[in-house]
Amino acid sequence: MEKTVTGTAHGHGHTHEHTHEELGFWRKYVFSLDHKVIGVQYAITGLLFLLFGFCLMMLMRFQLAYPGHPIPVIGNWFGADKAPGGIMLPEFYNQLGAMHGTIMVFMGVVPLAVGGFGNFVTPLQIGAPDMAFPKLNMMSYWVYFLGGVTMLASFFVPAGAAQSGWTSYPPLSDIATMGQTMWLFGMVFLITSSLLGSINFIVTIVQLRAKGLSYMRLPFFVWAQLVTSFLLLLAFPPLEAAGVLQLMDRLAGTSFFLPSGLMVSQKPLTVAGGGNPLLWQHLFWFLAHPEVYVLILPAMGIVSEIIANNTRKPLWGYRALIYAIIFLGFMSFIVWAHHMFMTGMGTTISAFFQVTTMIISIPSVVILTALLLSLWGASIRFTTPMLFALAFLPMFGIGGLTGLPLGLAPSDIHLHDTYYVIGHFHYVVAPGTIFALFAGLYYWFPKATGRKMNELLGKIHFWGSFICINCVFMPMFIQGLGGMNRRMYDGGMQYAHNAGLLKWNLMIGFAAWGLGLFQIPFIINFFASIKWGALVDRNPWEATTLEWSAPSPPGHGNFLTEPIVYRGAYEYSVPGAAKDFTPQFEPEHA
Amino acid sequence: MQSDPEAIRKSIRTYGIVGGLLLVFTAITVGVNQFHLAVPLAITVALIIATTKGSMVAAIFMHLSHEKKWIYGALLLTVVFFIVLLFVPLATVSDTIGTPTHVAAPAEGH
Amino acid sequence: MEIPYTVEQRPDTGLANGKLGIWLFLASEVMLFGALFSTYILLRVGAIEWPHGELSVKLGAINTVILICSSVTMVVAWAKLKLNDFAKGRLYVIVTVVLAAVFLVNKYFEYAEHFAKGEGPWHSTFFAIYFTLTGLHGLHIVGGIVVMLYLAGPGAGLWKRNPEQYTNRVEYTGLYWHFVDLVWIFLFPVLYLL
């Protein structure tokens with residue numbers, strides 16, 4: 001189903017500065033060592049997985065809106081073991097749920113945000129000819145691809161894909177069907193890819209900055225990628241270890257996560273026992289909490305670039321932003337057990353995690369406030385990227401604020417595992433991060449292709465998505481506060497207390513399908529503009545950062561002359577200057 | 001590192017000496033084990049010896065004793081999170097240490 | 001197109017790219033083994049009883065000695081290369097590989113003995129964590145051997161083209177190898193003695 005769509009972004013109608021022998025098709029577009037090609041590979045693959053994960057969700061929402069009804073039109077595609085007569089089986093619903101989360105987080109958002117944007121933009125923004133380790137970069141992409149294929153293939157094994165949630169809690173996941181084993185192997189590939197990539201990013205940013213580019217002159221986007229890479233580097237290995245342990249439980253008969261005396265289908269499980277299901281939860285969340293900051297940090301970086309550019313003002317509080325993001329990265333490692341308040345931990349350690357969770361909201365608020373204050377007194381250009389970047393701010397605000405009752409144990413008792421949680425984290429990731437990623441796609445498309453995307457289609461995409469996505473997720477807070485549990489195949493029908501909340505499932509379903517329809521203008525715009533978009537020069541947005549000094553698209557090695565940086569990253573509307581922007585790369589007295 | 005041949009030859013001697021010391025400490029580790037100390041004391045002693053050996057490997061063989069700031073910084077961060085990972089999960093279950101896990105009596109109903 | 005600071009050190013950081021890269025990789029490895037040590041702690045603290053004396057202290061101690069010696073030979077290999085003595089440098093790398101192979105052979109005998117007694121990873125949480133920790137460590141030894149064989153064999157051509165870059169590669173491999181030794185220095189007392 002998934003094909004590799006490779007470097008289609010190398011523009012036509014531009015001469016490339018190829019100072020080496022011409023590479024064949026495979027070396028140039030498939031097994032390329034060039035960070036721009038690899039970045040596009042990550043981006044396109046990530047977008048395809050996002051679309052796939054979105055389709056899984058649209059199926060789930062049908063089951064929730066019309067429980068027990070045959071899926072229209074495509075219901076017979078899934079076979080009798082998943083949807084006999086087109087009616088979704090609970091097992092299939094659970095597969096969709098587990099894989100939707102896994103695919104969106106690990107195969108969609110992070111590869112696009114870090115692998116795609118990180119790879120394409122970072123070397124350009126720091127004035128480097130490529131990443132520090134180009135071969136490692138290429139390998140990272142293909143290992144990611146392998147992991148993605150493994151995950152997709154798991155749908156086709158007997159009893160289907162993983163179905164124990166993206167969180168894969170044992171004991172259930174330990175005794176689940178074959179799809180879970182494939183999930184574990186898929187995760188090992190995906191984690192390895194991220195680890196190798198994170199090393200590449202850190203070394204690149206530290207070692208390959210251009211002359212004059214001190215840390216305090218770096219675009220905030222680069223700072224965000226640097227902190228993100230440290231999160232990936234140090235938080236992922238425990239999940240890799242946990243994956244190995246669960247594989248051992250499933251394949252080698254160990255009892256890492258299986259307690260003594262466990263009964264399955266009224267029969268005792270014949271294992272040694274002595275294991276601890278909470279061990280998995282600790283190792284999983286030790287990664288998964290920093291992982292959510294991996295999801296948001298690149299988005300904050302992208303939004304910052306676009307806001308500065310479209311307000312024609314420097315970012316407010318640049319230093320505060322940097323200290324906040326570093327502090328945020330550090331704190332993200334010591335809050336994880338706020339996902340485990342219901343596991344019976346003592347009150348002292350619970351208080352510890354509540355305190356750290358409250359503290360971590362501070363740097364988030366600092367960043368959001370700085371970005372909001374950046375709008376004050378600004379001359380705003382409402383381009384499509386700016387619309388998405390502006391929407392990010394209140395959406396992330398809602399997501400962040402709704403997290404507070406979850407971070408306090410007493411309120412979490414009522415809200416844990418309800419639709420409130422789903423509403424909270426989707427607000428941060430969907431109208432939050434994904435909107436920021438769309439903003440970035442519209443913003444950097446001209447650099448990658450030498451052409452602009454269509455503004456009208458962009459605005460239709462934006463407004464349609466913005467309205468629909470709020471209609472999808474806002475009702476979930478109502479459902480969750482009313483006590484509706486998550487991960488229920490029948491939409492909550494079996495519980496009397498949900499009776500008044502079921503009607504929201506209809507609205508959410510239609511909003512979700514509407515959201516899907518509004519992605520069509522984007523998809524058409526994206527591919528059509530590669531061929532027919534308005535041609536642009538190097539700096540169509542009149543921006544200040546280094547990537548806009550390279551040709552659009554840049555050739556191999558990126559810059560025609562050695563880039564030198566003379567000033568900070570956001571010198572917009574400098575008093576007395578001739579233009580309303582003074583690029584980093586322009587010498588004094590240009 | 002220094003590229004001066006004389007300094008490097010001296011380093012080679014140092015490597016040999018440190019290697020010998022490590023073997024001695026290994027013998028001590030096994031020797032102390034014969035005393036069957038109480039578990040908390042045994043753990044403390046074993047970790048002290050292991051940490052000493054590890055520090056020598058890190059400082060001398062891995063040249064950490066004169067490395068650059070970025071390396072020190074990355075490692076310091078790692079050590080902090082390593083300690084968190086090792087001991088904080090324990091803190092969340094420490095109120096049940098010593099209580100044997102047993103199969104529950106027939107459900108009391110809820 | 002050349003990537004700057006692949007061989008020479010960047011002035012403000014004092015580092016070549018590979019040196020920073022390998023240390024970052026080792027940082028991630030600390031977290032990987034850290035998770036397994038955390039597993040050991042949690043399982044042992046939660047256990048009603050924990051086995052003692054199940055493992056061969058003799059074999060474990062011998063393997064500790066072997067690994068320490070291999071760390072010495074690896075760092076000396078790098079030092080010889082810095083002295084421009086390629087023949088000696090390569091010889092010491094090969095000696096390191098031989099020592100590593102002996103370690104693995106000992107491990108094989110150790111594992112075989114346990115399996116013969118029915119003491120596989122399924123037998124108890126003690127054996128589960130023992131096999132997982134030493135197994136993952138053993139995989140790291142195999143990885144090290146592969147890289148060292150490459151450097152001593154097909155990769156040795158780099159010495160003629162760029163001796164400094166080749167020497168750096170041996171240094172980075174050495175750093176990895178010392179880390180593998182370091183992990184064992186902790187594994188041995190924790191699993192075999194305590």
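Residues numbered from 1 in each chain as written. Chains lettered and ligands numbered in written order. Predicted model: local features only at pLDDT ≥ 70, side-chain atom pairs only at ≥ 80, totals over all residues.

## Re the overall build of chain C
1) Next: Along chain C, the regular secondary structure elements total 6 helices and 0 strands.
2) Next: Going from N to C terminus, chain C has its helices and strands arranged as α-α-α-α-α-α.
3) Next: Going through the 194 residues of chain C one by one, you find that 51% of them count as buried.
4) Next: Intrachain contacts of chain C at a sequence separation of at least 6 include 76% that bridge at least 24 residues. (Helix = DSSP H or I, 4+ residues; strand = E, 2+ residues; numbered from the N terminus. Buried ≥ 20, exposed ≤ 12 C-beta atoms within 10 Å, placed from the backbone. Contact = placed C-beta atoms within 7 Å.)

## Overview of the overall build of chain A
1) Next: Broken down by element type, chain A carries 15 helices and 4 strands.
2) Next: For 590 residues, the compact-globule estimate of 2.2 N^0.38 gives 25 Å, and the C-alpha radius of gyration of chain A, at 24 Å, lies within 12% of that figure.
3) Next: The principal-axis extent of the C-alpha atoms belonging to chain A is close to 80 × 50 × 45 Å.
4) Next: Split into buried and exposed, the 590 residues of chain A put 56% on the buried side.
5) Next: Taking all contacts inside chain A whose residues are at least 6 apart in sequence as the whole, residues at least 24 apart take part in 79%. (Rg over C-alpha atoms; globule rule 2.2 N^0.38 Å.)

## Observations concerning the confidence of the model for chain C
1) Next: Counting all residues, the mean pLDDT for chain C is 96, and 100% of those residues have values of 70 or more.
2) Next: Among the prediction metrics, the complex's ipTM stands at 0.96, with pTM recorded as 0.94. (pLDDT = per-residue confidence, 0-100.)

## Thoughts on the nonpolar core
1) Next: Counting 270 residues, the largest nonpolar core has Val303(A), Phe388(A), Ala389(A), Phe392(A), Ala436(A) and Ala439(A) as its most contacted members.
2) Next: Sorting elements by how many residues they give to this core places helix H7 (residues 277-311) of chain A first, with 20 residues.
3) Next: Each of domain 1 (1-61) and domain 2 (67-92) of chain B contributes no fewer than three residues to this core.
4) Next: Residues contacting Val303(A), with those up to four places away along its chain left out, are Leu371(A), Ala389(A), Phe392(A), Ala436(A) and Ala439(A). (Core = buried A, V, L, I, M, F, W, Y, C linked by C-beta atoms within 7 Å. Domains from an automatic or database assignment.)

## Remarks on the environment of Gly514(A)
Residues and elements named next belong to chain A.
1) Next: Tracing the chain through its elements places Gly514 in helix H14 (residues 503-517).
2) Next: Note on Gly514: 16 C-beta atoms within 10 Å, which makes it partly exposed.
3) Next: Sequence spacing of Gly514 and His338 is 176 residues, and the spatial spacing of their C-alpha atoms is 34 Å.

## A short note on the interface of chain C and chain B
1) Next: Contact with chain C, which involves 40 residues of that partner, is made by 39 residues of chain B.
2) Next: It is helix H1 (residues 17-45) of chain C that provides the largest number of residues to the side of chain C that touches chain B, a total of 13 residues.
3) Next: Broken down by class, the residue content of the side of chain C that touches chain B amounts to 30 nonpolar, 8 polar and 2 charged. (Nonpolar A, V, L, I, M, F, W, Y, C, P; charged D, E, K, R; others polar.)

## As for the packing of helix H5 (residues 178-207) of chain A against H1(C)
1) Next: Where H5(A) contacts H1(C), the two axes come as close as 9 Å, and the packing angle between them is 140°. On the basis of their axis angle, the class for H5(A) and H1(C) is oblique. Once H5(A) is placed against H1(C), the crossing between them reads as right-handed. Within the contact between the two elements, H5(A) uses Leu195(A), Ile199(A), Ile202(A), Val203(A), Val206(A) and Gln207(A) and H1(C) uses Asn17(C), Leu20(C), Gly21(C), Leu24(C), Phe25(C) and Ser28(C).
2) Next: Here the residues of the contact of H5(A) with H1(C) are counted per class, giving 8 nonpolar, 4 polar and no charged. (Axes fitted to C-alpha atoms, helices over the stretch in contact; angles between N-to-C directions. Parallel < 35°, antiparallel > 145°, perpendicular 65-115°, else oblique. Left-handed = near helix turned anticlockwise from the far one by under 90°.)

## Some words on the interface of chain A and chain C
1) Next: Listed by partner, the interface residues are 34 residues for chain A and 31 residues for chain C.
2) Next: Among the elements of the structure, H5, helix H6 (220-251) and H7 of chain A are those that each provide at least two residues to the side of chain A that touches chain C.
3) Next: Counting residues per element, the side of chain A that touches chain C draws most heavily on H6(A), at 10 residues.
4) Next: Residues belonging to the side of chain A that touches chain C are distributed by class as follows: 23 nonpolar, 9 polar and 2 charged.

## A few points about helix H1 (residues 5-33) of chain B
1) Next: The terminal C-alpha atoms of H1(B) lie 42 Å apart, and with 29 residues this matches the ideal 42 Å at 1.5 Å per residue to within 8%.
2) Next: Along H1(B), the residues that are buried comprise Tyr15(B), Val18(B), Gly19(B), Leu22(B), Thr26(B) and Thr29(B).
3) Next: Of the surrounding secondary structure, the elements contacted by the buried residues of H1(B) are helix H2 (39-61) of chain B together with helix H2 (57-82) and helix H6 (163-193) of chain C. (Expected span 1.5 Å × (residues − 1).)

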